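# Results of the structural survey
Spelled out from the first residue to the last, the chains are:
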Amino acid sequence: MCLDGVDKHKIWLKNLQNNEKIPHSVLFVSGEIDHKCSRNTLSISLNSEYRENCKVSRENSEFKCLLTLNVGLNRITLNYCDCELVIHVSHEVSVNPRTVTPLYIVVKDHDGRFQAKERNSVANALARITLGVRIVQMIFAENLRASGVSGRKTFNLSGDCQPFHSELSAEEASRMTENQLWSFFARELIERTPDCRNRKFVAYLSCTRYRGAEDASYESIRAATVANAALASGGLALLGSACLFSWPEAVQDVRGCLEDETRVPLAELMDDSAYRGTFGGCFATSLGALLHEMGHIFDLAHCADGVMGNDSDRLDQMLTLRDFHGRWRVLPRRRVPTGREGVAKCTVVRRTAGCAVSHSSGVYFAENCSVLLASHKWFNDSAPQLDGGLAFNAATREICGKYPVRLVEMRNAAGFVERYWIISASADTNHIYFMIPPHIQLMNCTLFCIDVHGNTLTQDL
(Lines give C-alpha, C1' and ligand atoms only; values in the text may rest on other atoms or scores of the structure.)
Protein backbone atom coordinates (compact mmCIF):
# COMPACT_ATOMS: atom_id res chain seq x y z
CA MET A 1 0.00 0.00 0.00
CA CYS A 2 1.29 3.48 -0.85
CA LEU A 3 2.33 5.39 2.29
CA ASP A 4 1.35 8.65 0.58
CA GLY A 5 -2.19 7.39 0.17
CA VAL A 6 -2.01 7.50 -3.63
CA ASP A 7 -4.24 4.89 -5.26
CA LYS A 8 -3.74 2.97 -8.45
CA HIS A 9 -0.15 3.61 -9.42
CA LYS A 10 0.41 2.42 -12.95
CA ILE A 11 3.66 1.75 -14.82
CA TRP A 12 3.36 2.05 -18.57
CA LEU A 13 6.01 1.68 -21.25
CA LYS A 14 6.28 3.96 -24.25
CA ASN A 15 8.48 1.85 -26.49
CA LEU A 16 8.05 -1.80 -25.52
CA GLN A 17 5.32 -4.40 -25.71
CA ASN A 18 5.03 -7.73 -23.97
CA ASN A 19 6.52 -10.63 -25.96
CA GLU A 20 8.23 -8.26 -28.38
CA LYS A 21 11.15 -9.56 -30.44
CA ILE A 22 14.30 -7.48 -30.05
CA PRO A 23 17.10 -7.74 -32.67
CA HIS A 24 19.67 -5.79 -30.61
CA SER A 25 21.38 -6.68 -27.32
CA VAL A 26 21.18 -3.23 -25.68
CA LEU A 27 17.59 -2.46 -24.72
CA PHE A 28 16.26 1.05 -24.12
CA VAL A 29 13.37 1.14 -21.64
CA SER A 30 11.30 4.32 -21.57
CA GLY A 31 8.05 4.87 -19.71
CA GLU A 32 6.01 6.87 -17.23
CA ILE A 33 4.31 6.44 -13.86
CA ASP A 34 0.63 7.30 -13.69
CA HIS A 35 -0.44 8.72 -10.30
CA LYS A 36 3.12 9.16 -9.07
CA CYS A 37 3.69 9.58 -5.34
CA SER A 38 6.70 11.07 -3.52
CA ARG A 39 9.01 8.22 -4.49
CA ASN A 40 11.46 9.21 -7.21
CA THR A 41 12.98 5.84 -8.07
CA LEU A 42 11.84 2.69 -9.82
CA SER A 43 13.66 -0.62 -9.51
CA ILE A 44 14.31 -2.80 -12.54
CA SER A 45 15.27 -6.47 -12.55
CA LEU A 46 16.28 -8.55 -15.53
CA ASN A 47 15.73 -12.30 -15.32
CA SER A 48 15.20 -12.02 -11.55
CA GLU A 49 18.53 -10.22 -11.05
CA TYR A 50 18.39 -6.65 -9.77
CA ARG A 51 19.95 -4.29 -12.31
CA GLU A 52 19.18 -0.69 -11.49
CA ASN A 53 17.39 1.84 -9.35
CA CYS A 54 16.04 4.08 -12.07
CA LYS A 55 15.24 7.75 -11.46
CA VAL A 56 11.68 8.93 -12.03
CA SER A 57 11.30 12.54 -13.13
CA ARG A 58 9.64 14.88 -10.66
CA GLU A 59 8.35 17.01 -13.54
CA ASN A 60 6.67 14.48 -15.83
CA SER A 61 6.97 11.09 -14.03
CA GLU A 62 9.14 9.75 -16.88
CA PHE A 63 11.87 7.12 -16.48
CA LYS A 64 14.56 5.77 -18.81
CA CYS A 65 17.19 3.06 -18.55
CA LEU A 66 19.40 0.74 -20.59
CA LEU A 67 19.73 -3.02 -20.13
CA THR A 68 21.83 -5.72 -21.77
CA LEU A 69 19.65 -8.64 -22.87
CA ASN A 70 20.55 -12.30 -22.91
CA VAL A 71 19.96 -14.21 -26.12
CA GLY A 72 16.50 -15.75 -25.98
CA LEU A 73 13.66 -14.96 -23.57
CA ASN A 74 14.17 -12.20 -21.00
CA ARG A 75 11.90 -11.34 -18.05
CA ILE A 76 11.89 -7.65 -17.09
CA THR A 77 10.32 -6.66 -13.76
CA LEU A 78 9.64 -3.03 -12.89
CA ASN A 79 8.61 -2.04 -9.35
CA TYR A 80 7.36 1.37 -8.22
CA CYS A 81 5.99 1.75 -4.71
CA ASP A 82 3.30 -0.95 -4.46
CA CYS A 83 2.97 -1.41 -8.23
CA GLU A 84 4.70 -4.05 -10.35
CA LEU A 85 4.89 -4.59 -14.10
CA VAL A 86 6.36 -7.72 -15.67
CA ILE A 87 7.01 -8.08 -19.38
CA HIS A 88 8.89 -10.60 -21.48
CA VAL A 89 10.97 -9.78 -24.51
CA SER A 90 12.94 -12.11 -26.74
CA HIS A 91 16.38 -11.13 -27.99
CA GLU A 92 16.72 -12.82 -31.37
CA VAL A 93 20.10 -12.38 -33.03
CA SER A 94 19.86 -11.42 -36.68
CA VAL A 95 20.59 -14.06 -39.32
CA ASN A 96 21.33 -11.45 -41.96
CA PRO A 97 24.54 -12.56 -43.74
CA ARG A 98 25.44 -8.89 -44.26
CA THR A 99 27.25 -7.71 -41.14
CA VAL A 100 28.95 -4.68 -39.63
CA THR A 101 32.39 -5.27 -38.14
CA PRO A 102 33.73 -2.79 -35.54
CA LEU A 103 37.51 -2.34 -35.58
CA TYR A 104 40.16 -0.47 -33.61
CA ILE A 105 43.00 0.37 -35.99
CA VAL A 106 46.38 0.14 -34.30
CA VAL A 107 48.97 1.67 -36.60
CA LYS A 108 52.54 0.45 -36.99
CA ASP A 109 55.03 1.49 -34.25
CA HIS A 110 52.18 2.52 -31.94
CA ASP A 111 51.12 0.96 -28.63
CA GLY A 112 47.42 1.43 -29.41
CA ARG A 113 46.72 3.72 -26.45
CA PHE A 114 44.17 6.42 -27.21
CA GLN A 115 44.51 9.91 -25.74
CA ALA A 116 43.23 9.96 -22.16
CA LYS A 117 44.57 10.47 -18.64
CA GLU A 118 43.85 6.87 -17.61
CA ARG A 119 42.26 3.59 -18.72
CA ASN A 120 43.32 4.06 -22.34
CA SER A 121 44.66 0.64 -23.31
CA VAL A 122 43.65 -1.30 -26.40
CA ALA A 123 41.34 -3.40 -24.20
CA ASN A 124 39.65 -0.22 -22.91
CA ALA A 125 39.18 1.01 -26.47
CA LEU A 126 37.68 -2.30 -27.62
CA ALA A 127 35.16 -2.32 -24.75
CA ARG A 128 34.11 1.30 -25.36
CA ILE A 129 33.71 0.94 -29.12
CA THR A 130 31.79 -2.33 -28.72
CA LEU A 131 29.32 -0.66 -26.36
CA GLY A 132 29.03 2.46 -28.54
CA VAL A 133 28.24 0.48 -31.68
CA ARG A 134 25.67 -1.63 -29.81
CA ILE A 135 23.96 1.53 -28.55
CA VAL A 136 23.85 2.88 -32.10
CA GLN A 137 22.43 -0.45 -33.29
CA MET A 138 19.62 0.05 -30.78
CA ILE A 139 19.03 3.69 -31.79
CA PHE A 140 18.50 2.71 -35.44
CA ALA A 141 15.88 0.17 -34.35
CA GLU A 142 14.18 2.56 -31.90
CA ASN A 143 13.87 5.25 -34.54
CA LEU A 144 12.47 2.94 -37.22
CA ARG A 145 9.91 1.64 -34.72
CA ALA A 146 8.95 5.18 -33.70
CA SER A 147 8.68 6.38 -37.30
CA GLY A 148 5.86 3.96 -38.06
CA VAL A 149 7.56 3.00 -41.32
CA SER A 150 8.53 -0.44 -40.02
CA GLY A 151 9.06 -2.36 -36.82
CA ARG A 152 12.41 -2.68 -35.09
CA LYS A 153 14.91 -3.08 -37.88
CA THR A 154 18.63 -2.60 -37.56
CA PHE A 155 21.96 -3.87 -38.84
CA ASN A 156 23.61 -7.14 -37.80
CA LEU A 157 26.89 -7.01 -35.89
CA SER A 158 29.58 -9.59 -36.62
CA GLY A 159 30.70 -9.46 -32.98
CA ASP A 160 32.65 -7.32 -30.55
CA CYS A 161 35.24 -4.76 -31.67
CA GLN A 162 38.55 -6.28 -32.74
CA PRO A 163 42.03 -4.75 -33.18
CA PHE A 164 43.25 -4.28 -36.75
CA HIS A 165 47.01 -3.83 -37.13
CA SER A 166 47.79 -1.51 -40.01
CA GLU A 167 50.97 -1.09 -42.03
CA LEU A 168 50.59 2.69 -41.84
CA SER A 169 52.82 4.40 -39.29
CA ALA A 170 51.63 6.94 -36.72
CA GLU A 171 53.90 9.59 -38.27
CA GLU A 172 52.46 8.97 -41.73
CA ALA A 173 48.92 9.07 -40.37
CA SER A 174 49.55 12.40 -38.63
CA ARG A 175 50.37 14.03 -41.98
CA MET A 176 47.31 12.73 -43.83
CA THR A 177 43.91 14.32 -44.35
CA GLU A 178 40.78 12.42 -43.37
CA ASN A 179 40.11 11.66 -47.04
CA GLN A 180 43.60 10.22 -47.43
CA LEU A 181 43.21 8.18 -44.23
CA TRP A 182 39.85 6.83 -45.41
CA SER A 183 41.26 5.83 -48.81
CA PHE A 184 44.30 4.11 -47.29
CA PHE A 185 42.36 2.04 -44.75
CA ALA A 186 39.59 1.20 -47.23
CA ARG A 187 42.19 -0.30 -49.58
CA GLU A 188 43.95 -2.10 -46.73
CA LEU A 189 40.73 -3.64 -45.46
CA ILE A 190 39.72 -4.84 -48.93
CA GLU A 191 43.14 -6.43 -49.46
CA ARG A 192 43.25 -8.19 -46.10
CA THR A 193 39.62 -9.04 -45.34
CA PRO A 194 37.65 -11.84 -46.99
CA ASP A 195 34.09 -11.40 -48.30
CA CYS A 196 34.02 -7.60 -48.15
CA ARG A 197 30.90 -7.62 -50.32
CA ASN A 198 28.82 -8.69 -47.33
CA ARG A 199 30.71 -6.68 -44.72
CA LYS A 200 30.85 -3.06 -43.69
CA PHE A 201 33.36 -1.67 -41.21
CA VAL A 202 33.25 0.90 -38.42
CA ALA A 203 36.84 1.74 -37.53
CA TYR A 204 38.43 3.98 -34.90
CA LEU A 205 42.00 5.16 -35.32
CA SER A 206 44.20 4.67 -32.25
CA CYS A 207 46.79 7.35 -33.03
CA THR A 208 44.45 10.36 -33.16
CA ARG A 209 46.15 13.12 -31.17
CA TYR A 210 44.93 16.50 -29.98
CA ARG A 211 47.81 18.96 -29.59
CA GLY A 212 46.12 21.89 -27.86
CA ALA A 213 44.05 24.54 -29.60
CA GLU A 214 44.59 28.30 -29.62
CA ASP A 215 40.97 28.88 -28.64
CA ALA A 216 37.78 26.93 -27.94
CA SER A 217 36.30 27.21 -31.43
CA TYR A 218 35.49 23.96 -33.17
CA GLU A 219 37.64 25.00 -36.14
CA SER A 220 40.69 25.52 -33.93
CA ILE A 221 40.14 22.26 -32.07
CA ARG A 222 39.83 20.29 -35.32
CA ALA A 223 42.95 21.99 -36.72
CA ALA A 224 44.89 20.99 -33.60
CA THR A 225 43.95 17.31 -33.95
CA VAL A 226 45.96 14.97 -36.19
CA ALA A 227 45.19 11.49 -37.55
CA ASN A 228 41.55 12.36 -37.06
CA ALA A 229 38.50 11.54 -39.17
CA ALA A 230 34.73 11.52 -39.21
CA LEU A 231 34.10 10.22 -42.70
CA ALA A 232 32.04 7.40 -44.16
CA SER A 233 31.13 6.04 -47.55
CA GLY A 234 30.53 2.66 -49.12
CA GLY A 235 31.69 0.01 -46.70
CA LEU A 236 33.77 2.04 -44.23
CA ALA A 237 32.98 4.56 -41.49
CA LEU A 238 36.28 5.94 -40.16
CA LEU A 239 36.47 7.95 -36.94
CA GLY A 240 39.14 9.36 -34.68
CA SER A 241 39.58 8.20 -31.09
CA ALA A 242 40.22 11.59 -29.44
CA CYS A 243 36.94 11.55 -27.48
CA LEU A 244 37.03 7.95 -26.28
CA PHE A 245 38.22 9.33 -22.93
CA SER A 246 34.58 10.29 -22.27
CA TRP A 247 33.03 6.91 -23.19
CA PRO A 248 31.89 4.17 -20.77
CA GLU A 249 32.72 0.49 -21.02
CA ALA A 250 29.57 -0.95 -19.44
CA VAL A 251 25.92 -0.26 -20.15
CA GLN A 252 25.18 0.63 -16.52
CA ASP A 253 27.65 3.53 -16.80
CA VAL A 254 26.11 5.15 -19.89
CA ARG A 255 23.77 7.48 -18.03
CA GLY A 256 26.48 8.64 -15.65
CA CYS A 257 28.84 9.38 -18.53
CA LEU A 258 26.18 11.36 -20.41
CA GLU A 259 25.43 13.37 -17.27
CA ASP A 260 29.11 13.94 -16.42
CA GLU A 261 29.67 17.68 -16.14
CA THR A 262 33.44 17.45 -15.61
CA ARG A 263 35.00 20.23 -17.66
CA VAL A 264 37.23 19.12 -20.53
CA PRO A 265 40.78 20.46 -19.98
CA LEU A 266 41.22 22.21 -23.31
CA ALA A 267 45.00 22.19 -23.12
CA GLU A 268 45.08 18.39 -22.79
CA LEU A 269 42.01 16.75 -24.35
CA MET A 270 39.86 17.34 -27.41
CA ASP A 271 36.58 19.10 -26.67
CA ASP A 272 34.11 17.92 -29.31
CA SER A 273 30.99 18.59 -27.27
CA ALA A 274 29.00 21.08 -29.40
CA TYR A 275 30.39 23.83 -27.15
CA ARG A 276 29.06 22.30 -23.94
CA GLY A 277 32.62 21.86 -22.67
CA THR A 278 31.90 18.74 -20.58
CA PHE A 279 32.83 15.07 -20.65
CA GLY A 280 29.13 14.24 -21.02
CA GLY A 281 28.84 16.60 -23.97
CA CYS A 282 31.84 14.95 -25.63
CA PHE A 283 30.33 11.50 -25.20
CA ALA A 284 26.94 12.58 -26.59
CA THR A 285 28.43 14.43 -29.56
CA SER A 286 31.01 11.81 -30.52
CA LEU A 287 28.47 8.97 -30.20
CA GLY A 288 26.14 11.07 -32.36
CA ALA A 289 28.95 11.37 -34.91
CA LEU A 290 29.16 7.57 -35.01
CA LEU A 291 25.39 7.36 -35.58
CA HIS A 292 25.60 9.96 -38.37
CA GLU A 293 28.56 8.33 -40.14
CA MET A 294 26.99 4.89 -39.96
CA GLY A 295 23.97 6.40 -41.69
CA HIS A 296 26.25 7.16 -44.63
CA ILE A 297 27.43 3.56 -45.02
CA PHE A 298 23.75 2.60 -45.28
CA ASP A 299 23.35 5.02 -48.23
CA LEU A 300 21.80 7.91 -46.27
CA ALA A 301 22.64 11.39 -47.54
CA HIS A 302 22.69 14.70 -45.70
CA CYS A 303 19.27 16.17 -44.95
CA ALA A 304 17.90 19.43 -43.64
CA ASP A 305 17.18 17.95 -40.23
CA GLY A 306 17.38 14.80 -38.15
CA VAL A 307 20.41 12.61 -37.52
CA MET A 308 21.66 13.15 -41.07
CA GLY A 309 21.31 16.90 -40.63
CA ASN A 310 21.89 19.00 -37.56
CA ASP A 311 20.40 16.80 -34.85
CA SER A 312 22.92 14.10 -34.01
CA ASP A 313 24.38 15.79 -30.90
CA ARG A 314 21.37 15.12 -28.67
CA LEU A 315 21.79 11.51 -27.57
CA ASP A 316 21.95 12.69 -23.96
CA GLN A 317 18.45 14.06 -24.38
CA MET A 318 17.20 10.73 -25.69
CA LEU A 319 18.86 8.49 -23.10
CA THR A 320 18.66 10.53 -19.88
CA LEU A 321 16.08 12.52 -17.95
CA ARG A 322 18.16 15.66 -17.70
CA ASP A 323 16.99 18.53 -19.87
CA PHE A 324 20.41 19.46 -21.20
CA HIS A 325 18.89 21.36 -24.07
CA GLY A 326 16.57 23.35 -21.90
CA ARG A 327 19.73 24.42 -20.11
CA TRP A 328 21.74 24.88 -23.28
CA ARG A 329 18.68 26.12 -25.21
CA VAL A 330 19.76 25.49 -28.80
CA LEU A 331 23.03 23.73 -29.55
CA PRO A 332 25.18 25.23 -32.31
CA ARG A 333 24.15 23.89 -35.70
CA ARG A 334 26.32 21.09 -37.01
CA ARG A 335 28.01 22.05 -40.27
CA VAL A 336 26.47 19.66 -42.76
CA PRO A 337 27.37 20.40 -46.39
CA THR A 338 24.25 21.40 -48.28
CA GLY A 339 25.61 22.73 -51.56
CA ARG A 340 23.74 25.94 -50.84
CA GLU A 341 26.66 27.84 -49.36
CA GLY A 342 26.87 29.89 -52.56
CA VAL A 343 24.33 29.79 -55.34
CA ALA A 344 21.92 26.91 -54.98
CA LYS A 345 22.56 24.23 -57.58
CA CYS A 346 19.17 22.57 -57.31
CA THR A 347 15.74 23.31 -55.96
CA VAL A 348 15.03 23.57 -52.26
CA VAL A 349 13.81 20.68 -50.15
CA ARG A 350 10.20 19.69 -50.64
CA ARG A 351 8.75 17.58 -47.88
CA THR A 352 6.23 15.03 -48.96
CA ALA A 353 3.15 14.28 -46.93
CA GLY A 354 3.70 11.48 -44.47
CA CYS A 355 3.11 10.29 -40.95
CA ALA A 356 3.70 12.79 -38.16
CA VAL A 357 6.51 11.68 -35.87
CA SER A 358 7.23 13.07 -32.42
CA HIS A 359 10.81 14.22 -32.10
CA SER A 360 10.71 15.02 -28.39
CA SER A 361 13.80 12.88 -27.79
CA GLY A 362 15.84 15.11 -30.09
CA VAL A 363 17.16 12.08 -32.01
CA TYR A 364 15.34 11.03 -35.17
CA PHE A 365 15.78 10.22 -38.84
CA ALA A 366 13.99 12.31 -41.43
CA GLU A 367 11.09 10.56 -43.16
CA ASN A 368 13.02 9.72 -46.33
CA CYS A 369 15.88 8.26 -44.28
CA SER A 370 13.50 6.00 -42.33
CA VAL A 371 11.91 4.73 -45.55
CA LEU A 372 15.33 4.04 -47.07
CA LEU A 373 16.58 2.14 -44.02
CA ALA A 374 13.38 0.10 -43.74
CA SER A 375 13.96 -1.21 -47.28
CA HIS A 376 17.73 -1.56 -47.05
CA LYS A 377 19.21 -5.04 -47.47
CA TRP A 378 21.43 -4.57 -44.42
CA PHE A 379 18.31 -4.06 -42.29
CA ASN A 380 16.29 -7.02 -43.55
CA ASP A 381 17.20 -10.60 -42.65
CA SER A 382 15.17 -12.05 -45.50
CA ALA A 383 16.20 -9.58 -48.20
CA PRO A 384 16.55 -11.72 -51.32
CA GLN A 385 19.68 -11.67 -53.45
CA LEU A 386 17.82 -10.29 -56.43
CA ASP A 387 19.01 -8.04 -59.21
CA GLY A 388 16.54 -5.20 -59.26
CA GLY A 389 17.40 -4.14 -62.78
CA LEU A 390 16.85 -0.49 -61.80
CA ALA A 391 17.50 1.94 -64.66
CA PHE A 392 16.79 5.57 -65.47
CA ASN A 393 15.75 6.81 -68.92
CA ALA A 394 16.65 10.52 -69.15
CA ALA A 395 14.55 10.99 -72.29
CA THR A 396 11.31 9.81 -70.67
CA ARG A 397 12.39 10.75 -67.11
CA GLU A 398 11.32 7.27 -66.00
CA ILE A 399 12.85 4.97 -63.42
CA CYS A 400 11.98 1.35 -63.98
CA GLY A 401 12.99 -1.99 -62.58
CA LYS A 402 11.79 -5.50 -61.85
CA TYR A 403 10.25 -4.58 -58.49
CA PRO A 404 8.27 -1.61 -57.12
CA VAL A 405 10.28 1.52 -56.40
CA ARG A 406 10.03 2.67 -52.76
CA LEU A 407 11.98 5.94 -52.59
CA VAL A 408 13.47 8.40 -55.07
CA GLU A 409 15.86 11.20 -54.03
CA MET A 410 17.49 14.06 -55.89
CA ARG A 411 20.83 14.89 -54.26
CA ASN A 412 22.98 17.89 -55.10
CA ALA A 413 26.73 17.92 -55.71
CA ALA A 414 27.38 18.20 -51.96
CA GLY A 415 25.41 15.00 -51.30
CA PHE A 416 22.44 16.86 -49.81
CA VAL A 417 18.87 15.67 -50.41
CA GLU A 418 17.05 18.45 -52.26
CA ARG A 419 13.84 16.57 -53.10
CA TYR A 420 12.42 13.14 -52.47
CA TRP A 421 9.37 11.06 -53.33
CA ILE A 422 8.05 8.14 -51.30
CA ILE A 423 6.01 5.55 -53.17
CA SER A 424 3.51 3.76 -50.96
CA ALA A 425 4.53 0.27 -49.92
CA SER A 426 0.93 -0.81 -50.39
CA ALA A 427 0.91 0.21 -54.04
CA ASP A 428 0.17 -2.30 -56.78
CA THR A 429 3.12 -4.71 -56.87
CA ASN A 430 3.13 -4.47 -60.66
CA HIS A 431 3.76 -0.72 -60.45
CA ILE A 432 7.48 -0.71 -61.23
CA TYR A 433 7.80 2.73 -62.83
CA PHE A 434 8.28 6.18 -61.43
CA MET A 435 8.46 9.33 -63.54
CA ILE A 436 10.24 12.42 -62.27
CA PRO A 437 7.91 15.40 -62.72
CA PRO A 438 8.66 17.49 -65.82
CA HIS A 439 9.33 20.71 -63.88
CA ILE A 440 12.29 19.15 -61.99
CA GLN A 441 15.67 20.09 -63.40
CA LEU A 442 17.87 17.06 -64.18
CA MET A 443 21.28 18.73 -64.15
CA ASN A 444 24.18 18.91 -61.70
CA CYS A 445 22.64 16.45 -59.28
CA THR A 446 22.55 12.76 -58.43
CA LEU A 447 19.55 10.47 -58.67
CA PHE A 448 19.22 7.84 -55.93
CA CYS A 449 16.44 5.27 -55.70
CA ILE A 450 15.72 2.07 -53.82
CA ASP A 451 13.12 -0.61 -54.48
CA VAL A 452 11.10 -2.70 -52.03
CA HIS A 453 13.82 -5.39 -51.96
CA GLY A 454 16.66 -2.98 -51.20
CA ASN A 455 18.14 -2.80 -54.69
CA THR A 456 19.54 0.66 -55.36
CA LEU A 457 20.46 2.90 -58.25
CA THR A 458 22.78 5.91 -57.99
CA GLN A 459 23.25 7.93 -61.17
CA ASP A 460 24.86 11.31 -61.77
CA LEU A 461 22.80 13.57 -64.01
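The structure we're discussing is the one just above.
Residues numbered from 1 in each chain as written. Predicted model: local features only at pLDDT ≥ 70, side-chain atom pairs only at ≥ 80, totals over all residues. Heavy atoms only, no water.

## Some words on the packing of helix H1 (residues 122-147) against helix H9 (residues 367-375)
- Between H1 and H9, the least distance of the axes is 10 Å, while the angle of their chain directions is 110°. Classified by the angle their axes make, H1 and H9 are roughly perpendicular. By crossing handedness, the relation of H1 to H9 is classed as left-handed. Here Phe-140, Leu-144 and Ser-147 of H1 come into contact with H9, specifically with Ser-370, Leu-373 and Ala-374.
- The class makeup of the residues in the contact of H1 with H9 is four nonpolar, two polar and no charged. (Axes fitted to C-alpha atoms, helices over the stretch in contact; angles between N-to-C directions. Helix = DSSP H or I, 4+ residues; strand = E, 2+ residues; numbered from the N terminus. Parallel < 35°, antiparallel > 145°, perpendicular 65-115°, else oblique. Left-handed = near helix turned anticlockwise from the far one by under 90°. Contact = heavy atoms within 4.5 Å. Nonpolar A, V, L, I, M, F, W, Y, C, P; charged D, E, K, R; others polar.)

## A look at the nonpolar core
- Counting residues in hydrophobic clusters, the biggest one holds 70 residues, and the most contacted among them are Tyr-104, Phe-140, Phe-155, Val-202, Leu-290, Met-294 and Phe-298.
- The element that contributes the greatest number of residues to this core is H1, accounting for 11 residues.
- If you look at the next biggest cluster of nonpolar residues, it comprises 24 residues, including Cys-2, Cys-37, Leu-42 and Ile-87. (Core = buried A, V, L, I, M, F, W, Y, C linked by side-chain atoms within 4.5 Å. Buried < 20%, exposed > 50% of the residue type's maximum accessible area, 1.4 Å probe, protein only.)

## What about the packing of aromatic side chains?
- Under the counting rule described, the total for this entry stands at 12 aromatic pairs.
- Ring centres of Phe-140 and Phe-155 lie 5.8 Å apart, and the angle between their planes is 80°; on these two criteria the pair is classed as edge-to-face. Residue Phe-140 is found in helix H1, and its partner Phe-155 is found in the loop between H1 and strand E10 (156-157); the two are separated by 15 residues along the sequence. Side by side, Phe-140 and Phe-155 carry an identical accessibility label, which is buried.
- Aromatic side chains Phe-140 and Phe-365 sit 5.2 Å apart centroid to centroid with 20° between the ring planes, which places their arrangement in the stacked category. (Phe/Tyr/Trp six-rings, centres within 6.5 Å; stacked < 30°, edge-to-face > 60°.)

## Describing H1
- The first and last C-alpha atoms of H1 sit 37 Å apart over 26 residues, in line with the 38 Å expected at 1.5 Å per residue.
- A large share of H1 lies buried, amounting to 21 of its 26 residues. (Expected span 1.5 Å × (residues − 1).)

## Observations regarding the side chain of Asp-316
- Mapped onto the elements, Asp-316 comes out in helix H7 (residues 315-319).
- For Asp-316, the side chain forms a polar contact with the side chain of Arg-276, separated by 2.7 Å. (Polar contact = N/O pair within 3.5 Å; in protein donor to acceptor, adjacent residues only side chain to side chain.)

## Points about helix H6 (residues 279-297)
- Counted at 1.5 Å a residue, the expected span for H6 with its 19 residues is 27 Å, and the 27 Å between its end C-alpha atoms agrees.
- Counting buried residues in H6 gives 19 out of 19 residues, a clear majority hidden from the surface.
- After H6 finishes, the residue Asp-299 shows a positive phi value of roughly 75°.

## Let's talk about the packing of H1 against H6
- With their axes 10 Å apart at the nearest point, H1 and H6 run at an angle of 60° to one another. By the angle between their axes, H1 is oblique relative to H6. As for the relative orientation of H1 and H6, their crossing is right-handed in sense. For the pair H1 and H6, the contacting residues are Gly-132, Val-133, Ile-135, Val-136, Ile-139 and Phe-140 in the first and Leu-287, Leu-290, Leu-291, Met-294 and Gly-295 in the second.
- Of the residues in the contact of H1 with H6, the class split is nine nonpolar, two polar and no charged.

## Examining unusual backbone geometry
- Phi is positive for Ser-48, close to 70°, though the residue is something other than glycine.
- By secondary structure assignment, the location of Ser-48 is in the loop between strand E4 (41-46) and strand E5 (49-55).
- Of note, the phi angle at Ser-61 is positive, near 65°, even though the residue is not glycine.
- In this structure, Ser-61 sits in the loop between E5 and strand E6 (62-68).

## Points about the side chain of Arg-128
- Of note, Arg-128 is situated in helix H1.
- Separated by 3.1 Å, the side chain of Arg-128 and the backbone oxygen of Arg-119 make a polar contact.
- Among the polar contacts listed, one links the side chain of Arg-128 to the backbone oxygen of Trp-247, at a separation of 3.4 Å.
- Sequence-distant contacts of Arg-128, defined by excluding residues within four places in its chain, comprise Phe-114, Arg-119, Leu-244, Phe-245, Trp-247, Pro-248 and Glu-249.

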